[in-house]
Amino acid sequence: QVQLVESGGGLVQAGGSLRLSCVASGRTFSSYAMGWFRQAPGKGREFVAGISRRGYPTNYADSVKGRFTISRDNAKNTVYLQMNSLKPEDTAVYSCNGNGVLYESGSYGAGDYWGQGTQVTVSS
């Protein structure tokens, strides 16, 4: 069993920044790719970013590329999402995905484990 716990969400003005964290436990964290997804009110879950076991390569949704950065610290069993230049349309519940796969093509295949989510609200 894999457990994921996110933190770092909150309320921020447009143009501001937030750093999300996801701490994993239960299995070997470093053996799998990890990813971030988000779900806005009334919308389905959307892929945001993925990262390989070793931290490279990474993959981003076009909507966040150049603004968000995913990283990981395997010694701390933690994956991060640095979010800069935030926009109101970034408002969503952000969830961490565990035991994923980052393919050679660059696409991310979601694993079976999810965190509880953390709310990010960007005001205009």
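Because the structure is a prediction, the values reported are computed rather than measured.

**Quick notes on the state of the cysteines**
For the structure on display, the rule yields 1 disulfide. A disulfide bridge connects cysteine 22 with cysteine 96, and the sulfur atoms are separated by 2.3 Å. Because the torsion about its S-S bond is -85°, the bridge between cysteine 22 and cysteine 96 counts as left-handed. One end of the pair, cysteine 22, is in strand E3 (residues 18–25); the other, cysteine 96, is in strand E9 (residues 92–102), with 74 residues separating them in the sequence.

**Concerning the nonpolar core**
Formed by 28 residues in total, the largest nonpolar core has its most connected members in Trp36, Val79, Leu81, Met83 and Tyr94. Among the secondary structure elements, those contributing two or more residues to this core are E3, strand E4 (33–39), strand E5 (46–51), strand E7 (68–73), strand E8 (78–83), E9 and strand E12 (118–123). Considering each element in turn, this core owes the most residues, 4 residues, to E3. Filtering out sequence-adjacent residues up to four positions away, leucine 81 remains in contact with Leu18, Arg19, Leu20, Trp36, Val48, Ala49, Phe68, Thr69, Ile70 and Tyr94.

Reading guide: rules and limits
- Residues numbered from 1 in each chain as written.
- Predicted model: local features only at pLDDT ≥ 70, side-chain atom pairs only at ≥ 80, totals over all residues.
- Heavy atoms only, no water.
- Disulfide = S-S within 2.5 Å.
- Helix = DSSP H or I, 4+ residues; strand = E, 2+ residues; numbered from the N terminus.
- Core = buried A, V, L, I, M, F, W, Y, C linked by side-chain atoms within 4.5 Å.
- Buried < 20%, exposed > 50% of the residue type's maximum accessible area, 1.4 Å probe, protein only.
- Contact = heavy atoms within 4.5 Å.

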